[in-house]
Each structure stands twice: as structure tokens, then as C-alpha cells.
Amino acid sequence: MFKKAFIVVAIILTLWLATSYKGVDPNQTLVIGAPFEYTSQDLSKDGYIFSRFQVTETLVEIQPDGSIQPKLATHWQTSDDRLTWRFTLRPDVLFHDGTVMTAEAVVFSLQQALEKPGIIHQVPLNKLYPEGDVEVVLELEQPYRPLLSVLSHFSTAIASPSSFEQKSGRAIAILKGTGPYQIQLLSPPHKLDVERFDNYWGEPARIRQIQYLTGHRAESRALQARSGQADIIYTLDPASISMLEQAPNVDVYSESIPRALLLKMNNEHPYLNTVETRRALSLALDREGIAERIIRVPGSEAYQLFPPALGDWHLKELEGQKNLQKAREILTAQGWIPGADGVRVRDGKRFSLGLVTYADRPEMTVVATAIQAQFWDLGIEVTIYVGNSSDIPYLHHQGTLELALVARNFAWANDPLALLLDDTRTHLGSDWGHMNWSSGELNQLLSEMTLTLDSEAYFKLSQQAASILAEEMPVIPVTFYTQQIAVNKRLNNFFYDPFEQNYRTSEMYFD
Amino acid sequence: MIKQILLRRTAQAAFVAWSVGTLTFIMMRLLPGDFAYRIAAGRYGYDYVSQAAAEAVRADLGLDRPAIVQYLEWLVNLLRFNLGDSLVSENPVTQELAHQLGSSLELAVFASFFALLIAVPVGLYAGRHTGEAGDRLSLMVSVILRAQPVFVIGLLMVLAFSLQLGWFPVAGFGSSEYLILPALSLALTLAALSSRMIRNSTCDVLASPFYRFARFKGLTEQQAFTHHASPNIALPVVAFVSIQAINLIEGIVMIESLFSWPGIGHALAHAIFARDVPMIQGAALVMGLIFVAINTVADLIVFKLDPRQREEALS
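Residues numbered from 1 in each chain as written. Chains lettered and ligands numbered in written order. Predicted model: local features only at pLDDT ≥ 70, side-chain atom pairs only at ≥ 80, totals over all residues. Heavy atoms only, no water.

**Focus: the overall build of chain B**
Then, in step 1: Helix and strand counts for chain B stand at 14 helices and zero strands.
Then, in step 2: By principal-axis analysis of the C-alpha atoms, chain B measures approximately 80 × 60 × 30 Å.
Then, in step 3: Looking at chain B as a whole, 50% of its 315 residues qualify as buried.
Then, in step 4: Within chain B, contacts between residues at least 6 apart in sequence are counted, and of these 72% link residues at least 24 apart.
Then, in step 5: For chain B, the exposed surface amounts to about 14,600 Å²; the carbon and sulfur share of it is 68%.
Then, in step 6: Looking at charge distribution, chain B has the averaged site of its 21 positive side-chain charges lying 12 Å from that of its 22 negative ones. (Helix = DSSP H or I, 4+ residues; strand = E, 2+ residues; numbered from the N terminus. Buried < 20%, exposed > 50% of the residue type's maximum accessible area, 1.4 Å probe, protein only. Contact = heavy atoms within 4.5 Å. Areas by Shrake-Rupley, 256 points an atom, 1.4 Å probe, with all protein chains shown as cover. Lys, Arg positive; Asp, Glu negative; His and termini not counted. Charge placed at Lys NZ, Arg CZ, Asp CG, Glu CD.)

**Remarks on the packing of helix α5 (residues 218-227) of chain A against helix α6 (residues 238-246) of chain A**
All names here are of chain A.
Then, in step 1: At a minimum axis separation of 10 Å, α5 and α6 run at an interaxial angle of 10°. Here α5 lies roughly parallel to α6, going by the angle between them. For the pair formed by α5 and α6, the contact residues are A218, A222, A225 and R226 on the first element and S240, M243 and L244 on the second.
Then, in step 2: Tallied by class, the residues present in the contact of α5 with α6 amount to five nonpolar, one polar and one charged. (Axes fitted to C-alpha atoms, helices over the stretch in contact; angles between N-to-C directions. Parallel < 35°, antiparallel > 145°, perpendicular 65-115°, else oblique. Nonpolar A, V, L, I, M, F, W, Y, C, P; charged D, E, K, R; others polar.)

**What to know about the interface of chain B and chain A**
Then, in step 1: Contact with chain B, which involves 62 residues of that partner, is made by 57 residues of chain A.
Then, in step 2: With both sides pooled, the region where chain B packs onto chain A buries about 4,900 Å², and carbon together with sulfur makes up 61% of that total.
Then, in step 3: Counting every contact that joins chain B to chain A gives three salt bridges.
Then, in step 4: Close ionic contact of B:R38 with A:D391 constitutes a salt bridge, the shortest N to O distance being 3.5 Å.
Then, in step 5: Inspection of the chain B/chain A interface yields 20 residue pairs in polar contact (both at pLDDT 80 or more).
Then, in step 6: Listed by contribution, the elements that provide at least two residues to the side of chain B that touches chain A are α2 (35-44), α3 (51-61), α5 (93-128), α7 (150-164), α11 (253-258), α12 (264-273) and α13 (277-305) of chain B.
Then, in step 7: By residue number, the principal contributor to the side of chain B that touches chain A is α5(B), which donates ten residues.
Then, in step 8: Tallied by class, the residues present in the side of chain B that touches chain A amount to 36 nonpolar, 16 polar and ten charged. (Buried area = accessible area lost by both parts, 1.4 Å probe. Salt bridge = Lys/Arg side-chain N within 4 Å of Asp/Glu carboxyl O. Polar contact = N/O pair within 3.5 Å; in protein donor to acceptor, adjacent residues only side chain to side chain.)

**Considering the pairing of strand β16 (residues 352-358) of chain A**
All names here are of chain A.
Then, in step 1: With six of seven residues buried, β16 lies mostly within the body of the structure.
Then, in step 2: As paired strands, β16 and strand β17 (residues 381-387) are joined by seven bridges and run parallel to one another. The residue of β17 that forms the bridge with L353 is V382.
Then, in step 3: Taken together, β16, helix α10 (residues 363-378) and β17 constitute a β-α-β crossover, and its handedness is right-handed.
Then, in step 4: Bridge count between β16 and strand β18 (residues 403-409): two bridges; the pairing is parallel. (Pairing = 2+ DSSP bridges. Right-handed = clockwise from strand over helix to strand, strands pointing away.)

**Quick word on the sheet that holds strand β8 (residues 181-187) of chain A**
Pairing between the strands of a sheet is mediated by backbone hydrogen bonds and can be parallel or antiparallel.
Residues and elements named next belong to chain A.
Then, in step 1: With mixed pairing, ten strands are arranged side by side in an open sheet as β8-β9-β10-β1-β11-β19-β12-β18-β16-β17. Bordering the open sheet on either side are β8 and β17, each of which pairs with just one other strand. In this sheet, adjacent strand axes meet at a mean angle of 25° when their direction is disregarded.
Then, in step 2: Contacts between helix α11 (residues 391-398) and the sheet are confined to β12 (250-265), β16, β17 and β18, with β16 contributing the most and set at about 140° to the helix.

**Quick look at the confidence of the model for chain A**
Then, in step 1: Mean pLDDT for chain A: 91, with 98% of residues reaching 70 or above.
Then, in step 2: Of all the helices and strands in chain A, helix α1 (residues 2-19) of chain A carries the lowest mean pLDDT, 84, while strand β5 (residues 84-89) of chain A carries the highest, 97. (pLDDT = per-residue confidence, 0-100.)

**Section: the pattern of salt bridges**
Then, in step 1: One pass over the full model with this rule turns up 27 salt bridges over all chains.
Then, in step 2: The closest approach of N and O atoms between A:R408 and A:D423, which form a salt bridge, is 2.8 Å. You can see A:R408 sitting in strand β18 and its partner A:D423 sitting in helix α12 (residues 417-423), a full 15 residues away along the chain.
Then, in step 3: Given the relative accessible area of 2%, A:D423 is considered buried.
Then, in step 4: Between B:R199 and B:D135 there is a salt bridge, with the nearest N and O atoms lying 2.9 Å from each other. On the criterion of sequence distance, the pair formed by B:R199 in helix α8 (residues 180-206) and B:D135 in helix α6 (residues 133-147) is long-range, its members being 64 residues apart. Accessibility classification places B:R199 together with B:D135 in one group, the buried group.
Then, in step 5: Among the charged side chains, a salt-bridge network with shared partners connects A:E57, A:E61, A:K71, A:R504 and A:E507.

**Section: empty space enclosed by the protein**
Residue and element names in this part refer to chain A.
Then, in step 1: A full pass over the atoms with the stated rule returns two cavities of 30 Å³ or more.
Then, in step 2: In this structure, the largest cavity encloses a volume near 130 Å³.
Then, in step 3: Every residue lining the largest cavity is counted, 14 residues in all, and those nearest its centre are S51, T56, E57, T58 and E61.
Then, in step 4: Looking at the lining of the largest cavity, its residues break down into three nonpolar, eight polar and three charged.
Then, in step 5: Estimated volume of the second largest cavity: approximately 50 Å³.
Then, in step 6: Along its surface, the second largest cavity is lined by L262, L305, R408, L420, D423, G433, H434, L469 and V475.
Then, in step 7: For the lining of the second largest cavity, the residue count by class is five nonpolar, two polar and two charged. (1 Å grid on protein atoms, 1.4 Å probe; cavity = no way out; pocket = protein on both sides within 12 Å on 5 of 7 lines; lining within 4 Å. Points joined across faces, edges and corners; volume = space filled by probe spheres on them.)

**Notes on the environment of A:P298**
Residues and elements named next belong to chain A.
Then, in step 1: Position of P298 relative to the elements: it lies in the loop between α8 (287-294) and α9 (324-333).
Then, in step 2: Looking at P298, the relative accessible area reads 59%, which means it is exposed.
Then, in step 3: It is 7.0 Å that separates the C-alpha atoms of P298 and E288, two residues lying ten residues apart in sequence.
Then, in step 4: When sequence neighbours within four positions are dropped, the list of residues in contact with P298 reads A291 and E292.

**Quick notes on unusual backbone geometry**
All names here are of chain A.
Then, in step 1: Here the bond from P188 into P189 is cis, since omega is 5°, no more than 30 degrees from zero.
Then, in step 2: Structurally, P189 can be placed in the loop between β8 and β9 (191-196).
Then, in step 3: Unlike most non-glycine residues, M473 shows phi in positive territory, near 50°.
Then, in step 4: Relative to the helices and strands, M473 resides in the loop between α14 (455-472) and β19 (475-488).

**With respect to the side chain of B:S175**
Then, in step 1: Assignment of secondary structure puts B:S175 in the loop between α7 and α8.
Then, in step 2: Within polar-contact distance, the side chain of B:S175 engages the side chain of B:E177 at 3.0 Å.
Then, in step 3: With near-sequence residues (within four places) excluded, B:S175 lies in contact with A:S20, A:Y21 and A:K22.

**Quick word on the nonpolar core**
Then, in step 1: A:I232, A:Y234, A:I371 and A:F375 are the most contacted members of the largest nonpolar core, which has 231 residues in total.
Then, in step 2: Per-element tally for this core: the top contributor is α5(B), with eleven residues.
Then, in step 3: Discounting residues that sit within four places of it in the chain, A:I371 has contacts with A:L263, A:L285, A:I290, A:L355, A:L405 and A:V478.
Then, in step 4: Grouped together as the second largest cluster of nonpolar side chains are eleven residues, A:A222, A:A225, A:A230 and A:L236 included. (Core = buried A, V, L, I, M, F, W, Y, C linked by side-chain atoms within 4.5 Å.)

**What about the packing of α2(B) against α3(B)?**
Residue and element names in this part refer to chain B.
Then, in step 1: As a packed pair, α2 and α3 sit with axes 8 Å apart at the nearest point and diverge in direction by 105°. On the basis of the axis angle, α2 is roughly perpendicular to α3. Contact residues: α2 offers A36, Y37, I39, A40, R43 and Y44, while α3 offers Q51, A53, A54, V57, R58, D60 and L61.
Then, in step 2: In the contact of α2 with α3, the residues fall into nine nonpolar, one polar and three charged.

**Side note on the sheet that holds strand β6 (residues 125-131) of chain A**
Residue and element names in this part refer to chain A.
Then, in step 1: One open sheet holds the four strands; their spatial order is β4-β5-β7-β6, and the pairing between them is antiparallel. Only two strands of the sheet have a single partner each, and these edge strands are β4 (73-78) and β6. Each strand of the sheet is rotated relative to its neighbour by a mean of 15°, with strand direction disregarded.
Then, in step 2: The strands that helix α3 (residues 103-114) touches are β5, β6 and β7 (135-140); relative to β6, the one it contacts most, it runs at about 155°.

And the structure:
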């Protein structure tokens, strides 16, 4: 009887294997792998995945050089007092559900973003309304220069009103954007298939289908690229790069991205509340060593906050290097005398601090231990706590944070002005920016920047603002990030967006 | 007797459902860190977790309510067979489990099937030819396979069948071609042990007086093996395979991760990081029930195979 049962089960399983085979047509399908997971279709949470794969589009779009260009809005006008912005919508744009994009639909979509936490809340918005079918008006309480940056962010993408139907029963509506690709299959958190949208308003996509797979392990992703299973693999681990560079079917690209590894600190902590001490900490860091040995991208060491990709804000002349002797002298001058066990002491208190980091990016815990060793050479004892990323804002607002190693993303917009305006709103600082530090001079510069229209004046002001941050060091930069990508040689016109808003796969094609 | 087994197991399942849910709820409460911040990190990712996001989550989920109210709410929902919504994805837990746990089970079923296809013939052959070259070879292969972490076996399979031969994709899911390598990697690890178990069981039965008697009374080797040896070989093997099936569900995390296969191990780890309590409770509860179900099926098979148990029940 059991023999028969086993045979029946074997037949069923074999049939299952045979019938659930769905072959991929490599000539029509672009396969992409990366470590990014998504859990929902909520644009405020996971909108990045839909904007990268061109399901959704925004009113305006950041270009690779950081400039902002029209997208779903063809042009815009601002009133003389810069309080009213009028966006004229592109005509004949269809959503993936076949409906026409109207001003009312755009306003509805932006209102949905306003109901969720997100970057749009930084805009001092007074009123948002449609005017006719093709104009969207935003009235502000005060001038806000980075408005276009905010409107280029994935969380403010425009989707059809039918995408926002609240849970009806248990089914959630499928997101319908305006992009050259529409959703074909959603399988969160690991898989997303999109297919060409034939009624796209612009140049139609050349490749019919894109399959995205989240790869948990860097080894697997590298092997996917090496075997030819995937055409593009984002975020390679340093160990795989040399193997892939030798592979005959793959090109490896290294692109600088606007993200930096920083030491965030409580600037009012009795041990860290002087510029001199922060400078001593910075001088004790062997950034070149960290860049070369841990990040494995020589040249990625950071002596300022803003990477080269953020043009206006990057200080070209600024250089630095490790100088442990000078760092020791500074601390001694601050009253910190070497103690019996090597840890410096002042007024009977040891220079001992707790450093919080998180393991979302695997190199962070290793960099934290390198920093621990380098500070030990300076006579500072650091205890590392590896927690969750949410510990950083939590401890910031609790006021108990001492030191934290964080990877900050400056790439959500083309210009860090909006980010800095948020950082400097109060003396407390911001969740991922500095803590308990403020500068009247910096605030003055930033408010001038929100008003200026002259690009040369803007450049000068941003350089001055960046210089203040580099000198005062309310956070200490450690390294910049580089995105390493493997691309199959059969793919043409590969493009990488350093702002990671749009992968522009619709412009790529196969041999 | 079957009724008794089923009744006992049903009571056990109810107890498992309540205790697993209650324990996970208490353990989650004892973990350090703020719930709202953790959930916000799970929802928005580390670039966008902030106080504003955490406060929105706190208001949205009513996290300020007393823990006992939240626990009772879960208990009432459980009685209505409602596992609630994931705090991170906001989708129903049952929907998330169907995808994640369903995928793990799919992998486990095929891994067990392939393992049996390998282990039964190898084990029977080795048991019938103890001490011969085939037996020694199977022992050597078994030792080598058991000495490797399943991750290494998976990696070797990828190097051989994906990179060199190009027969199967390296990673992915959603089509049967993606299933073969992860299931086979697991199957080899399982078969390494169960083939030795079958071999020993075969060896014992063939040396037993009842088997010798069967042959002595004139049955052919095939007849004696089919009627007298097979059921006795199967008895310990069924018990062992059921234990292995439980270990398998617990142990496929590495393979899922290597092959980018969606699974409950990955989902549970993420749910714990994000303090997604309904998801953890739901997953733990369903896994507990699966363990009870596997044990029940094993009990029923052993009961059916072993006439001594049936006689005991009737007497």
C-alpha cells in the first residue's frame, strides 16, 4: 500500500515539476539582481523599486549630472514672491490602467504622499490644487528652493487614482504608474517582473520584459552574473570583483554614489563638545586604510561630507591625512592625560564612549572595530553596540547617543539643501545628521540659498556651507561609497543613475 | 486507536497554538528597543527611519495601548482563525505565510522526495551487501557529505550544474527549474544520513531470526524481503524520516539564502528584527502545527505498519 502511495506521490511531484516550468526568453528579458527588498506597493515605503524599474514617474526628474529636467510636467512657473508654483502637465499621458493623467489625478497622488511620513513633509506647503486639466498649483508658506528636488523623489511619484484604492476585502490594488514598464508580477519581498507598456507617452522600451530578483547573498549574485543568468547585478562584494573582471562575458563598473559613512556624535557630550576634540578624533582615523582594506575601493576616503557626485557642495581643494601625533597633542592640550591602562583621563574620568552601529551594510561593523582600534591608539576606549538602524534616531531623540557609525544617503535629491535645511531646523539636529550642534552662520547661508536664483551665487554659498561643516565637524566623515555593478556584455547602452531613482532600462537593448 | 492518536494530537495542536503565540508575544516584549522605531525601520528601510516615521507607526498601530489589551486582541482573533496583518507590509499574515512558508514547504517536500529517491536504493543495497565495496563507498560518500555544511554542497552544485554545465539557473524562484539545485543540495545532506539508517535497519532485519525463518520455510529471497523484511526496515526509518523532516524545515535557511529562495527562515529573521509580532506569532504557530502534523502522520504510518501496535490497541 505504501509503495503505491509513494508511486502516486512521485508521479504528482514529477507532474508538478513539469507543469510549473516557465522558461525565460533571454532575447526579450533583462534579468537584474540586487540586494534590495521591498514589502509593499506603498510609494512612501518602497516607491524606489517602482521608480528604478520605470513603473512610476515623477513630475520632474534628476539627471545624472544632478540637474533637474521635466518629466510628467513639461514646464513650471514660479510667482515673483516664489510662493506659488504652477506645473503644466505633459499632454496625452496614460496610466497603465488606460486612464488619462489629469491634474486632478496628480493632485490626488501627491495628497496620498502627504498622508504618509516622507520627504514631502519638508515642503512648507500651504495649498495644493488642480487648475483645469493640465495645471497643478502648489502654494507655499515661504520660499523653498529645493521643491523640485522633493518632487523628483520616488515617494512623490504619480500613480493612477485606482492604485490607491484602500484594501477592498483582502485584495490591494496593483500600482499603476505612467512609466514605460508596467507591473506584471509582484512577489514581495524578492521578485518583481515588469513588462513593456505599449501606450507609453515617450520612446517605448526596447526590451520587452524585466525580471528583478533580490539576492540575499553577494556570492550568489556574483555567480548569477558569471553564469549569464543575470544581465545586471548591483552591489557586488569586493571579493567577487576580481573573479568577475576576468570573466569573458561580464563588464564591471564602479560608480561613485552620494552616500557617506559618517561618525555621528552628541556634540554636547562633555567629552565631545569642542571642535578641537572632534578634530583630534578625525586626525586619528586611518581613512585610507579603511578605504583600501575594508571597503576595498582605494580613493574612497572622505574628509568632507559631500562626495564628488554632489558637484556644488564638494570642496575640491580639501585634503587631509592621518596624524596621530597631532591628535594626541590636541587631546593633551584639552586636559586629557594618558592613564595607567593607556586610556586618557581628565578630572578623574576616563575617555570612554559607546559607539552604536547596525549591520544592514556588512562593512559597517568591521569599520566600527577598525575605528575602535584607531581611537584606542589615541587613548580613547570605545565600546561597540551593534543594533538596529532605528537605534540611531531613537537614541538621538532620547539624548543618550554618544557615538554612532552610520551610512548616510545624500542621494534622495539632486541637492543636499533640503536635507541640510532639515538638519539645521533646530539645535537638536536631525535623525541621521548632526546632533546638538548649530551654527548661526550656516543657518544664514542656507536661508540665503533658499532665496537665490543666481547659480554662481548659489555655488559660492554652498561651498561656504560645506566649508563650515568640514571645519566644525559636527559629524566626522569616514569614507564615500562606490556602487560596483556587473553587466553582461550582450547588453548595450547600460547606464547607472548615481541618484538611484531611475535605472533607465527602457533605453538599453541587446546585441 | 487511530481516533485516540488523532484526538491526542488535536489537543496537542491547540496547546501548541496557544503556547507558541503567548511565548513569542512575551519574548518580543522582553527584547530591548522601541517597538515603533523598529517597525518603522522595517517599513521604511534604514535611510528613511526617523522619529516622524516612528510616531506615524505608533499612531497607526495603537502601540501605546497596554500590552495585555494587544495580547487579548490576538487571542480573540486566533479563536476566529484570524492571524492579523503584518506590521511591516500591512498584508494579512496568512498571505505572507502562504508565500514564505509555502515556499519553504515546497522546497522541503522536494528535498525529502529526492532524498528518498537517493537514500532508499543506496541504503537497501548497502544493507544487503554489508562490508562489500558498494557499502564502503556509500559510507565514505555519506561521511564526506555529512562533514560539509549544506551551504558548501549548494555552492558546489551551483559551480557544477550552473557555471560549468549551464543546466540550471544559479538562483531564483517561480519556476521548477529554480527548484532542482536547492532541493538536491538539501536532499544530498538528508540522504547521507538516512541511507545509513536504512542500511543499518536492513542489515538488522536480514540478520534477524524471523527473516531467517521466512527463508527457511521456503520463501524466495524476494518474497521474504517483500513480506517480512520491508515493513520491519520501514518502521525505524519512518520515525527517523519524520524527525529529519522537522530538522529540514529548521535547517533550510542557508539554502534559501544561497539560492535567493523565499522562505520562512528569512521571513522570521526579518520579522524579529522589525518586531513584527503578528508575523512572528503566525509563523511560529503554523510551524508548531506542522511539527504536530508530521508527528501525527508518522504515528499513523507506524501504527499501520506495525501489527503489534494494532493488536495492543484491540486487546
